[in-house]
Amino acid sequence: TQVGSSFILCCLALPWVYQTYSRMMVVTLGSQLFVSGGLLDSYTLDLLGTQNKGLYGRYRLYSSISWGLGSMVIGGIMDHFHGDFEPNFLLFAVLSALLIVLVAWKVPNQAVVQHRETSNDTGGDGSGSN
């Protein structure tokens, strides 16, 4: 979903799109088709497990703080470039690509994690026989 949303939002950098409000609105609404906030929250809670569900509030807090700081940085970039949108879209494209790489690299494969937990519970080989 992140790839689709990022691709659609990068279309906002095209001059044909950002010249009119209606085209920008269509592209922005199209990007919302790929938003999966509820799925990500569910995945985060599942990843935290029952013992660490109390830490979920911290994740939400840091998400809100980063959103606020990012808004200020983007506003500063807009002021520096006198309202030109292109640097913001380029920054968005770079950060989205970085996010995709980091997620693909760092998010554990749930099947591998469950297999390791099973093998630790049953004696090491995952077969269930001791």
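None of the values given here were measured: they were computed from a predicted structure.

K.L.:
Would you take a moment to explain the overall build of the protein chain for this structure?
P.N.:
Scanning the protein chain from terminus to terminus reveals 7 helices and 0 strands. For the protein chain, buried positions account for 17% of its 130 residues. Across the protein chain, the fraction of contacts at a sequence separation of at least 24, relative to all contacts at a separation of at least 6, is 39%. When the accessible surface of the protein chain is totalled, it reaches about 9700 Å², and 66% of it is carbon and sulfur.

K.L.:
Looking at this structure, I do not really get helix H3 (residues 21–31). What am I missing?
P.N.:
Within the span of H3, buried status applies to Val27, Gly30 and Ser31. Projection of H3 onto a plane perpendicular to its axis shows the buried side chains occupying an angular sector of 105°, all on one side. Pointing more than 90 degrees away from the buried face of H3 are the exposed residues Tyr21 and Leu29.

K.L.:
I would appreciate a short explanation of the confidence of the model for the protein chain in the present structure.
P.N.:
Interpreting fine coordinate detail is not advised for predicted regions of low pLDDT. In the predicted model, the protein chain carries a mean pLDDT of 74, and the fraction of residues at 70 or more is 72%. Mean pLDDT values for the elements of the protein chain range from 62 in helix H7 (residues 110–122) up to 84 in helix H5 (residues 56–80).

K.L.:
How should I be thinking about the nonpolar core in this particular structure?
P.N.:
Among the nonpolar cores identified, the biggest contains 5 residues, and these are Ile8, Leu12, Val17, Val27 and Phe89. Apart from the residues lying within four places of it in its own chain, the contact partners of leucine 12 are Val17, Tyr18, Met24, Val27, Thr28 and Phe89.

K.L.:
Could you clarify how one ought to interpret the packing of H5 against helix H6 (residues 86–106) in this entry?
P.N.:
Between two packed helices, the angle of one axis relative to the other and the distance separating the axes together describe the packing. Across the interface, H5 lies against H6 with an axial gap of 9 Å and an inter-helix angle of 140°. Along the contact surface, H5 presents Ile74, Ile77 and Met78, while H6 presents Pro87, Asn88 and Leu91. Considering only residue class, the contact of H5 with H6 consists of 5 nonpolar, 1 polar and no charged.

K.L.:
Sorry if this is basic, but what is going on with H5 here?
P.N.:
Turn by turn, an α-helix covers 3.6 residues, leaving residues three or four places apart pointing in a common direction. Its 25 residues place the ends of H5 36 Å apart at the C-alpha level, agreeing with the 36 Å of an ideal helix rising 1.5 Å per residue. Those residues of H5 that sit buried are Tyr56, Ile77 and Met78. Just downstream of H5, histidine 82 is the residue with a positive phi angle, here 55°.

K.L.:
Can you help me understand a nonpolar patch on the surface in this one?
P.N.:
Side chains of Leu61, Tyr62, Ile65, Leu69 and Met72 sit close together on the surface and give an oily, nonpolar patch of about 530 Å² of accessible area. Residue position: isoleucine 65 is located in helix H5. Overall, isoleucine 65 belongs to the partly exposed group, its relative accessible area being 41%.

K.L.:
So what exactly am I meant to see when it comes to the environment of methionine 24 here?
P.N.:
When you line up the elements, methionine 24 lands in helix H3. C-alpha of methionine 24 to C-alpha of leucine 12: the two residues are 12 residues apart in sequence and 6.5 Å apart in space. Those residues within four positions of methionine 24 in sequence are excluded, and the remaining contacts are Leu12, Val17 and Tyr18.

Calculation rules
- Residues numbered from 1 in each chain as written.
- Predicted model: local features only at pLDDT ≥ 70, side-chain atom pairs only at ≥ 80, totals over all residues.
- Heavy atoms only, no water.
- Helix = DSSP H or I, 4+ residues; strand = E, 2+ residues; numbered from the N terminus.
- Buried < 20%, exposed > 50% of the residue type's maximum accessible area, 1.4 Å probe, protein only.
- Contact = heavy atoms within 4.5 Å.
- Areas by Shrake-Rupley, 256 points an atom, 1.4 Å probe, with all protein chains shown as cover.
- Arc of directions from axis to C-beta.
- pLDDT = per-residue confidence, 0-100.
- Core = buried A, V, L, I, M, F, W, Y, C linked by side-chain atoms within 4.5 Å.
- Axes fitted to C-alpha atoms, helices over the stretch in contact; angles between N-to-C directions.
- Nonpolar A, V, L, I, M, F, W, Y, C, P; charged D, E, K, R; others polar.
- Expected span 1.5 Å × (residues − 1).
- Patch = residues over 30% accessible without salt bridge, like charges linked within 9 Å, V, L, I, M, F, W, Y side chains within 5 Å.
- Salt bridge = Lys/Arg side-chain N within 4 Å of Asp/Glu carboxyl O.

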